[in-house]
Amino acid sequence: MTLLSIILLPLAGALLPLFTERFGRTLCAYSAAFGPLCALGILLGSASSVFSGHTEHVFFAWLPEIGLNLSLRLDGLGLMFALLIVGIGLLVVLYARYYLSERDSLGKLYALLQLFMMAMLGIVLSNNLLLMIVFWEITSLVSFLLIGYWSHQSDARKGARMALAVTGAGGLCFLAGALLIERIAGSFELDAIFAAAEQIKAHANYPVILVLVLLGAFTKSAQFPFQFWLPHAMSAPTPVSAYLHSATMVKAGVFLLARMHPALAGTDGWFYLVTFTGMATLLFGAYNALFKHDLKGLLAYSTISHLGLITMLLGFSTDLAVVAAIFHIINHATFKASLFMAAGIIDHETGTRDMRKINGMWKYMPHTALLAMVAALAMAGVPLLNGFLSKEMFFSEALHLESMGMFSWIFPLMATLAGIFSVAYSVRFIHDVFFNGEPIDLPKYPPHEPPRYMVVPVEILVGLCLLVGILPNLTIAPFLEAASRAVLGHEMPDYHIAIWHGFNLPLIMSFVALAGGLLMYKQRSGLFAFYERKFRHDEKILFESRVQFSVRVAQMFTDFIQNNSLQRYMALLIGSAVVAIGYALLPNMQWMGPLSVTELEPVSLLAAIILAVGALGTVLLHHNRFAALLLMSVVGLVVSLIFVRYSAPDLALTQISVEVVTIVLLMLALYFLPQMTPNESGAKRVGRDILLASAAGLGMGLITFAMLTTPYETISDFYLANSVSGGGGANVVNVILVDFRGFDTLGEITVLAIAAVGIYAMLNGLHLPLPQADGDGRLWDKEPHPPILSVMARILLPLAILVSVFIFLRGHNAPGGGFIAGLVTSVALILQYVASGTVWMQQRLRWRYRRVAVSGVLIAVLTGVGSWFFGYPFLTSTFGHFYIPLIGEIELASAMAFDTGVYITVVGATLLILAHLGKLAQTTHSPRPSTSTSFTEAELSKGEN
Amino acid sequence: MTSFARKKVFPHKLLSLFMLGVWLVMSNSLGFGQWLLGGFLAWAIPFFTQSFWPQSMVMNKPWLAIRFLLLVLWDIVVANAQVAVLIMGPRQKLQPAFMRIPLELKQDFTITLLANTISLTPGTVSVDLQMNEGYLLVHGLHVTDVDATIAEIKSRYERPLKEIFECSNP
Amino acid sequence: MEILISVVIALLTSCGVYLLLRGRTFPIILGLTLLTYAVNVFIFMSGRLNPGASTIIGVGERYTDPLPQALVLTAIVISFAMTAFVLVLALRARAELGNDHVDGRNSVEEVKS
Amino acid sequence: MLQSVIQLTMFIIALALALNLWRLCIGPSLPDRILALDTMYINAIALLVVFGMHEQKTLYFEGALLIAVMGFVGTVALSKYLLRGDIIE
Amino acid sequence: MNHLIIAPVLIPLVTGILLLLGTGRPPRVQRAISFISISAQLVAAIYLLSVAAGGDMLVYALGNWAPPFGIVLVLDRLSALMVTITASLAFFSLWYAVRDNDKPTDSLHSVVHFLLMGINGAFLTGDLFNLFVFFEVLLIASYTLLLHGGGAARIKSGLHYVLLNLVGSSLFLIAAALLYGLTGTLNMADMAVKVAATSPEQAPLMKAAALILLVVFGLKAAMVPLYFWLPRAYAAAAAPVAAMFCIMTKIGIYAIIRMYSLVFGDEAGVVANVATPWLWPLALITLALGATGALAARELRLQIAYLVIVSVGTMLAGVAMHSTAALSATLYYLMHSTWVCAALFLLADIIMRQRGATSDRIITGPRVKQPVVLGTLFFIGSAAVIGMPPLSGFLGKVMLMRSTVTDEQTFWLWFLLLASSLIMVTALSRSGSTIFWRTESRTTKASKTDKLALSAVMALFATSLVLSFAASPVVQYTNALAEQIMQPSIYIDAVLNHQTIEGVHHD
Amino acid sequence: MSFLLEVIISLFLLLGALFALVGSLGLTRLQDFFMRLHGPTKATTLGVGGMIIGSIIYFSAGDNALSMHELLIALFLFITAPVSAHIVGKAALHRQIACEERTRNIPWQQNGDD
Ligand code: NA
Ligand code: NA
């Protein structure tokens, strides 16, 4: 539990500064320090137990189903890292209090820093690999915000994005690796993974796992060739750099190497990959650091170099190399953090980080200069400072390595070379900044010492450098031992940290490095010229341009496949269906089922020919829209005759009614549309469409034929058997509609009602130009309502309603029903609209059709709900036969009420649609000018074409 | 046009009677229940749709009406045969013509009946009605004498119609 | 007859699909209607060909499968609602886009796709 | 005998329908096409009536009635379109 | 008899009707009705979820007609979960809409309820044709919603959406009719039994039906090559509508899960798992193309729409793997992506409104009025949708990745999931940093977004957190759900052995 | 059903069918629209009437009960056919569809003279 609080304290602490910010910066800083301080106390409290070899565990199930648990461990490695994270974190909090200007939100920075701290602590304390990845990715995310803290700067934004992309990508690889490990080890828990180390290494997937995990580690730790994001992350405020890029974020990668060492190390793959990556990084970083004019740039490349060194050591994998690696992690964190802070102070006081301008600071800020120089010497590996000790160990391990046989000399050689560069850039840092004459063109002049407390963190860190450098065994040894034990998994080898090991080869290498470094710095001008000529490329620009390029490619590709053309999408949809049918039918298809075909009837053949002519005519004449409409009506007519032929009078009735209403609808719409369809498809296009259409037709024809000749057994016998006895109606189709499958019908009338509502909404505020003439330019007839038509229409109205009542009442036992009756009523009323006009109708029929339509649905619902009161499910019907004197027996069925709902919905919806469409011209006539439409006056006067 | 504001209980008795007949024919039954139901509908539908019928029809001479109906039916049947012959015969011999028939009728309804009658009887179709100018435009398929045909139409169809429907309110 | 019906459905489908692939709203709606016919007949045919049968109890001796008929009825109503909707939408598109091309284009050139 | 007469009648009507379709296709004018369609509706009614006799069922009466109503409304609407463009005004 | 199972269908239906009948009442009253209703739906859904969690299947025979003759509603863990997700999503969308989006016309609320009716009906029904009907209900409502507010962009993309879906509906009908023509039944449980007994001669036809259905559901689910219409349509929709639409693709996913486990699943004899060979590659291509689109998007809402596509690809891949673990992961991911994408659409709307004429284009523009709040929300939302820990997307992805079995599955799914994550990181960090960081110094005249609307977004993101930190019970549920789905016999037995109430349907 | 009845029905049917065919033939072969208008308006309507009478007899005789409801179809047709003809004719008139030259009193030509 205490272990958990180590993580939770900074998390809770993250919120605190946001609230306290308004009460002043100091209080804000205190509140920010509170959480880490407590965590530090807890950590130190458990140190002794860890030193004694005890590993503390905490386990809470989070998502045990996938092996993700809030499982923490505090071993030596974790403790050491946690102390670094919390300790340096606290110093950064103090430092940032003075660093950040009044303009910037201190609370936000503290909040993010603590969030980051929490994530880092999570990484180092996780006992569950998946949990570690959770924290791992959080560090990537939060570092994005921290690097982009000064979001108004383009560099900050780009640097943040780059860091996120690179470390995020690495995290994803790590995730994949972790998942593969889990497949072998059966668990994400580290203990289980360590226990399964041999299996993992022996597994066929081991190389993949290794590469994936290493990719995670290398990207995070800025190893070559992924190092490029780190220098650009320097756009972050210096406290952030001091924290993330010395002690924490970049250390997460090497921590991972250390953490996974027991599970993955000890193979050739590990050795070569890790060692050579580290070596490349070491040299690359050291070399480049020398030539950076930016203070933080120098430090960044130096960091890369040192991370390479640590990686290389971990690659060696020998016991002492591991010890050295861990030792150097600590040392680097202390001197680099202090250097970043010092750089920040200089930047803060001079207003620039350009070393070509900053000269002679020794004079202006001697205190800071002294501290920075000591730290820089530690970086250079000068004796009596901590950097010297771990570097000595590195040289020693490099010398002792014999894995490469006769080529093993390469390690000490490269190590020394890197050492030379390292000394050179350290010297450059000292000389260029603190001496080297007078400053040039400083934005702030004269610089002076920073506020007292801003230097305190640097003092503490430099003090630690000295302390460890002089008294390693009293200070660092127990931590180192505990941490190394955790990495190696066994007791420490016999080793001795001492300042003086005698005059041995490593010492000679150190001296070579020192002397060589000094020499190199002396000869720097030539080198600088060489470097400027050769290495002028900026990774940021390169990275950005690559991203830009991929975005452009993505855009081109997306625009290419999604050209926003319905014609293509439609072709794809239909094509997909054709492929589906073809794929299913073409292989080993028997075109015909076992049933034999019935005889061809001449009348049907003739009807089919009529239908074919109608359909083909619709297509051929489709440029002349009105004519196409007429031909399509023929198709509708023949289809209803087909329904009649094959014993479906209800369908025929419905088809013919819907057909007419649809035609009226189409004409209402056609009035506002061009009368002709322009010929805009080329021959190739037409050919493709014909091909697709034929394929679709062929597919449909084939499945129709196959289906028709295949026998089937149906549930329909039940309907035939129960229609009268159970549903109270002889018309089985109608009983299905209102009873057996009444729920479908409820949905269907709901669709109708919603369509009406939607159409109403769409017509609202719709303004279209009114064509003053027909397609041939002929002005319209002057007479809107021919009197003969009006008179006859009125005579037909009561008759039609009579017919609709007849059809409605008979529906349950003979062809008919609510829907058809509704359509007949609607058509009769529409006829009145056509014959006598909207105004005339509005005076006589004041229904609000939208309400009528939904009322119908409501009636149907209420009918269904009624059955609840008798304890039956929704829509359970009932009916009874009643004997009434003189009249005889009559039948009353609840389904009738349901059908009434259908009737009302149909009338309401149909009339709403047609009447409102009809009114469109009137609303368009209204005095409001056509500002809401995009038509020009010219087009209006010209009419349609 | 505001006559529909006040509702009459039996707005159109003739129509109601007609509808009852239609109902009985339609339901193919003369059972008491159908009489009752048909009667109800024959009352209810005109009652609820009376606003759609601006003026109510008054038939003055029912017997004349029946005679006229029979006459028209006879004309339809007999003359249809003539048209059939005309249609099947040599096309070039047909003498089509448009005829303007000046109208004495005043009411929409009667004019409509006249126009329909003309259309139903063979050889002529009324294709336009100009109320303002007071004529009905009729197309004849085979008209040897335009004026004679106009006169015949007026005497044979317009006059009886006028007598049946329009005498009381000239 | 099965072959004839299959040919009819195939033809209706082909014609419908061809029109569906046009660029203007009106022909597309015509195509949709033709396709709907094809589909409705197809649903109907899932009850197989039963000339001379009936779905009214007490009428005739043989009965045909009533269920597909009920399904077609539902399908007809729904496609009616949809057709009405898409027609009004076509008008709306005509107003908002300035022409009746489905992609809001008014060029006479070949529309590349 | 009656059945063959009915068959023959149906065939004749179907022939008439085909003739109507011919007119519908060739036009030449739109009123011609409307007229042809209207005639098709009427012939379809005839077909339905005779078909009812063929099947010895009275089930098709409503269908025929409805075609009569709908055919009329359709023709009126189509013609009105030619006259005024706006069929409901 | 538990009538509550029909509540998710009837409550919204009646609400929609009442709202329409009450047009002209003050918006306050309308909203109150709408809210009471959606709350009731949420309560009912949660109740049903708790019932289903126990493992009992509820079967509700409409009209008291025994299956397979009548239509049944079936409540299993899957349908209960889907209904609950829908209700919650609608709750937040309406919550957001209350601000001012519902003013222009008075039918928005009612149509949303109709949409809910359709969606819930589709989830609950156990009848194939009834599924079609509910699809149509939800589609027609969605058409109306998509066009809500008008404007050229909406109308154009809406036209595409509508026309394609109309053809899709035709295909659905063809498939349903074909299935009926072969099996003689529409009840899905009964159909499963009949399909299992398909003879080899009938197999091609049965396969054709199954694959046409896949096209239909693929269109709904936005599977490649049928999704091209989606991004622009979603991007153009009004914000609460776009948020609501986040469930729309899931309906397709649901239907695929249902049909290809129950009817065309392991036990379907000669047509067993007929869709799987198609589903897998198409899912992966969808995933890849979605990520590409997200990178390419020039507008924020379009980008989010592509993220929806990415999630579709991810889920379809999970479905295609056809295992308990994969299915469980898919459903967990489904919850996550529904809520998070919805929240992102709402957030994009807020951002857009505060940027004035720059709208949601990913270019330098004026500063938003509330950079901290919106930026934080955008950051969280992006992390969630990419699948960054500790948010729900991460867990969903890990679960999916863990559920791969073969090397081929592992390679492709992992590669594409991780690559798409990286692409999304790049894409969203670009858009986020451009919108929030690379700003002009001015702000627009737009007012600050009110707390209510913001709180809706926050609440939706909070669900991602809850989903993540309380993942265990959720995953237990989805595991149980997946087990239930993988054993279709449970469903079949429950439906076909359902007893109707005696004593009715007799004269 | 008696043979005589069958003959009567057959006569009505054939007569009706013949009329219908003639009407359609007229529509096909006459030279201009207004002439074509005559065929279907009358002949076809009458043809349907004939068949309906045949049907009435057929069903009344078959079921031994008067089956008159087909009459309603005829009624509807007789009410609507002239109106259809009128409105189509009106449309043709409006569009001034080309007439045979020998047609007398072509309205729009007269109007041109006026
Ligand atoms: Na300098
Ligand atoms: Na109008």
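Residues numbered from 1 in each chain as written. Chains lettered and ligands numbered in written order. Predicted model: local features only at pLDDT ≥ 70, side-chain atom pairs only at ≥ 80, totals over all residues. Heavy atoms only, no water.

To continue, consider the overall build of chain C. If you tally the helices and strands in chain C, you get three helices and zero strands. For chain C, the sequential pattern of α-helices and β-strands runs α-α-α. For 113 residues, the compact-globule estimate of 2.2 N^0.38 gives 13 Å, and chain C exceeds it by more than 25% at 19 Å. The principal-axis extent of the C-alpha atoms belonging to chain C is close to 60 × 30 × 15 Å. In chain C, 47% of the contacts between residues at least 6 apart in sequence involve partners at least 24 apart. Accessible surface for chain C amounts to roughly 2,300 Å². Of this, 56% is attributable to carbon and sulfur atoms. Within chain C, one finds 8 positive and 8 negative side-chain charges whose respective centroids are separated by 5 Å. (Helix = DSSP H or I, 4+ residues; strand = E, 2+ residues; numbered from the N terminus. Rg over C-alpha atoms; globule rule 2.2 N^0.38 Å. Contact = heavy atoms within 4.5 Å. Areas by Shrake-Rupley, 256 points an atom, 1.4 Å probe, with all protein chains shown as cover. Lys, Arg positive; Asp, Glu negative; His and termini not counted. Charge placed at Lys NZ, Arg CZ, Asp CG, Glu CD.)

All names here are of chain A. Here helix H15 (residues 295-316) crosses helix H19 (residues 386-400) at 40°, and the two axes come no closer than 11 Å. When the interaxial angle is binned, H15 and H19 end up oblique. You can see that H15 and H19 cross each other, and the crossing is left-handed. Of the residues in H19, those in contact with Leu 309, Met 312, Leu 313 and Phe 316 of H15 are Phe 394, Glu 397 and Ala 398. Partitioned by chemical class, the residues of the contact of H15 with H19 number six nonpolar, no polar and one charged. (Axes fitted to C-alpha atoms, helices over the stretch in contact; angles between N-to-C directions. Parallel < 35°, antiparallel > 145°, perpendicular 65-115°, else oblique. Left-handed = near helix turned anticlockwise from the far one by under 90°. Nonpolar A, V, L, I, M, F, W, Y, C, P; charged D, E, K, R; others polar.)

Turning to the nonpolar core, a few remarks are in order. Ranked by internal contacts, the top residues of the largest apolar core, which has 807 residues, are A:Phe743, A:Phe874, C:Met45, E:Phe217 and E:Phe264. Ranked by residue count, the leading element in this core is helix H3 (residues 66-97) of chain C, at 23 residues. Sequence-distant contacts of E:Phe217, that is, excluding residues within four places in its chain, are made with E:Leu131, E:Phe135, E:Phe172, E:Gly252, E:Ala255, E:Ile256, E:Met259 and E:Tyr260. (Core = buried A, V, L, I, M, F, W, Y, C linked by side-chain atoms within 4.5 Å. Buried < 20%, exposed > 50% of the residue type's maximum accessible area, 1.4 Å probe, protein only.)

Each turn of an α-helix holds 3.6 residues, which means side chains three or four residues apart point in the same direction. All names here are of chain B. Compared with the 18 Å implied by 1.5 Å per residue over 13 residues, the 18 Å span of helix H4 (residues 108-120) between its first and last C-alpha is a close match. Counting buried positions along H4 gives 11 out of 13 residues, so the element sits mostly inside the fold. Among all positions of H4, only Phe 109, Thr 110, Ile 111, Thr 112, Leu 114, Ala 115, Asn 116, Thr 117, Ile 118, Ser 119 and Leu 120 are buried. (Expected span 1.5 Å × (residues − 1).)

Coordination of the sodium ion (ligand 2) by the protein is provided by A:Gly918 (O), D:Asp86 (OD), D:Asp86 (OD) and D:Ile88 (O), with metal-donor distances spanning 1.5 to 2.7 Å. Taken together, the positions of A:Gly918 in helix H39 (residues 894-925) and D:Asp86 in the segment after helix H3 (61-84) put the pair across two chains. Each member of the pair, A:Gly918 as well as D:Asp86, carries the same accessibility label: buried. (Donors = N, O, S within 2.8 Å, 3.2 Å for Na, K, Ca; no water.)

At the junction of the two partners, chain A supplies 113 residues and chain E supplies 121 residues. When chain A packs against chain E, the two sides together hide about 10,200 Å² of surface, and 74% of this comes from carbon and sulfur. For the pair chain A and chain E, the interface holds three salt bridges. Close ionic contact of A:Asp559 with E:Arg298 constitutes a salt bridge, the shortest N to O distance being 3.2 Å. Where chain A meets chain E, there are 26 residue pairs in polar contact (both at pLDDT 80 or more). With 14 residues, helix H27 (residues 566-585) of chain A is the single largest residue contributor to the side of chain A that touches chain E. When the residues that make up the side of chain A that touches chain E are grouped by side-chain class, the tally is 70 nonpolar, 29 polar and 14 charged. (Buried area = accessible area lost by both parts, 1.4 Å probe. Salt bridge = Lys/Arg side-chain N within 4 Å of Asp/Glu carboxyl O. Polar contact = N/O pair within 3.5 Å; in protein donor to acceptor, adjacent residues only side chain to side chain.)

Before going further, it helps to examine the pattern of salt bridges. Any two side chains of opposite charge can pair, given that their charged atoms come close. Residues and elements named next belong to chain A. For the structure on display, the rule yields 45 salt bridges over all chains. The closest approach of N and O atoms between Asp 744 and Arg 741, which form a salt bridge, is 2.8 Å. In this structure, Asp 744 and Arg 741 share a single accessibility class: buried. Connected through salt bridges with shared partners, the residues Arg 73, Asp 75, Asp 191 and Arg 259 form a single ionic network.

Here the focus is the interface of chain F and chain D. Tallying the contact residues gives 45 residues for chain F and 47 residues for chain D. Here chain F and chain D share an interface that buries about 4,000 Å² over both sides, 81% of which is from carbon and sulfur atoms. It is F:Leu27, F:Tyr58 and F:Ile73 that lose the most area in chain F upon contact with chain D, and together they represent 13% of the buried surface on that side. The interface formed by chain F and chain D contains one salt bridge.

Turning our eyes to something else, we now look at the UniProt feature "domain: NADH:quinone oxidoreductase/Mrp antiporter transmembrane" (unreviewed entry) in chain E. Residues annotated in UniProt with the feature "domain: NADH:quinone oxidoreductase/Mrp antiporter transmembrane" (unreviewed entry) correspond here to residues 126-421 of chain E. Counted over residues 126-421 of chain E, helix gives 76% and strand 0%. Its end C-alpha atoms are 37 Å apart. (UniProt positions renumbered as here; feature names shortened; annotations may be inferred.)

Contact pair helix H6 (residues 154-185) of chain A / helix H16 (residues 392-402) of chain E: the axes reach a minimum separation of 11 Å and the direction vectors enclose 45°. One way to sum up the angle between H6(A) and H16(E) is to call them oblique. Handedness of the H6(A)/H16(E) crossing: right-handed. Here A:Leu175, A:Ala176, A:Leu179, A:Glu182 and A:Arg183 of H6(A) come into contact with H16(E), specifically with E:Phe394, E:Val398, E:Met401 and E:Arg402. Of the residues belonging to the contact of H6(A) with H16(E), the class tally is six nonpolar, no polar and three charged.

Our focus in this paragraph is the pairing of strand S1 (residues 58-61) of chain E. Residue and element names in this part refer to chain E. Along S1, one buried face is formed by Leu 58 and Tyr 60 and the opposite face, lined by Val 59 and Ala 61, is buried too. Here four bridges tie S1 to strand S2 (residues 72-75), and the two strands are oriented antiparallel to one another. In the sheet register, Ala 61 faces S2, and the bridge partner there is Val 72. (Pairing = 2+ DSSP bridges.)

All names here are of chain E. Among the secondary structure elements, Thr 364 is positioned in the loop between helix H14 (324-354) and helix H15 (371-386). Here the alpha-carbon distance between Thr 364 and Thr 434, two residues 70 residues apart in the chain, equals 6.1 Å. Apart from the residues lying within four places of it in its own chain, the contact partners of Thr 364 are Arg 355, Thr 358, Thr 434, Arg 438, Thr 439 and Glu 440. Polar side-chain contacts of Thr 364 include one of 2.8 Å to the side chain of Arg 438.

Residues and elements named next belong to chain E. Segmenting chain E into domains produces domain 1 (1-230 + 488-502) and domain 2 (275-469). For domain 1 and domain 2, the distance between their C-alpha centroids amounts to 25 Å. The interface is formed by 21 residues belonging to domain 1 together with 33 residues belonging to domain 2. Our count for the domain 1 to domain 2 interface comes out at five residue pairs in polar contact (both at pLDDT 80 or more). Among the elements of the structure, helix H3 (77-97) and helix H8 (203-221) are those that each provide at least two residues to the side of domain 1 that touches domain 2. Among the elements that take part in the side of domain 1 that touches domain 2, H3 stands out by supplying nine residues, more than any other. Of the residues contributing to the side of domain 1 that touches domain 2, the split by class is 17 nonpolar, two polar and two charged. (Domains from an automatic or database assignment.)

All names here are of chain E. Within the secondary structure, Thr 286 is located in helix H12 (residues 276-296). Residue classification places Thr 286 among the buried residues on the basis of a relative accessible area of 0%. Setting aside its immediate chain neighbours within four residues, Thr 286 contacts Ala 222, Met 223, Val 224, Ile 309, Val 312 and Gly 313.

So, on to the packing of aromatic side chains. Under the definition given, this model contains 81 aromatic pairs over all chains. Each ring, one from A:Trp136 and one from A:Phe174, has its centre 5.0 Å from the other, and the planes form 70°; the classification is edge-to-face. Of this pair, A:Trp136 sits in helix H5 (residues 129-147) while A:Phe174 sits in helix H6, placing them 38 residues apart in sequence. Across the pair, exposure class does not vary: A:Trp136 and A:Phe174 are buried alike. Judged by centre distance (6.0 Å) and plane angle (70°), the ring pair of A:Tyr712 and E:Tyr180 falls under edge-to-face. Residue A:Tyr712 is found in the loop between helix H31 (683-708) and helix H32 (716-727), and its partner E:Tyr180 is found in helix H6 (residues 152-183); the two belong to separate chains. Of the two residues, A:Tyr712 and E:Tyr180, neither departs from the other in class, the shared state being buried. Put simply, the rings of C:Phe85, E:Tyr143, E:Tyr161, E:Trp229, E:Tyr234, E:Phe245 and E:Phe345 pair up and form one aromatic cluster. Between A:Arg524 and the ring centre of A:Tyr521, over which it is positioned, the NZ or CZ distance is 4.0 Å. Here the basic side chain of B:Arg100 rests over the ring of B:Tyr135, its NZ or CZ set 4.3 Å away from the ring centre. (Phe/Tyr/Trp six-rings, centres within 6.5 Å; stacked < 30°, edge-to-face > 60°. Lys NZ or Arg CZ within 6 Å of the ring centre and 35° of its normal.)

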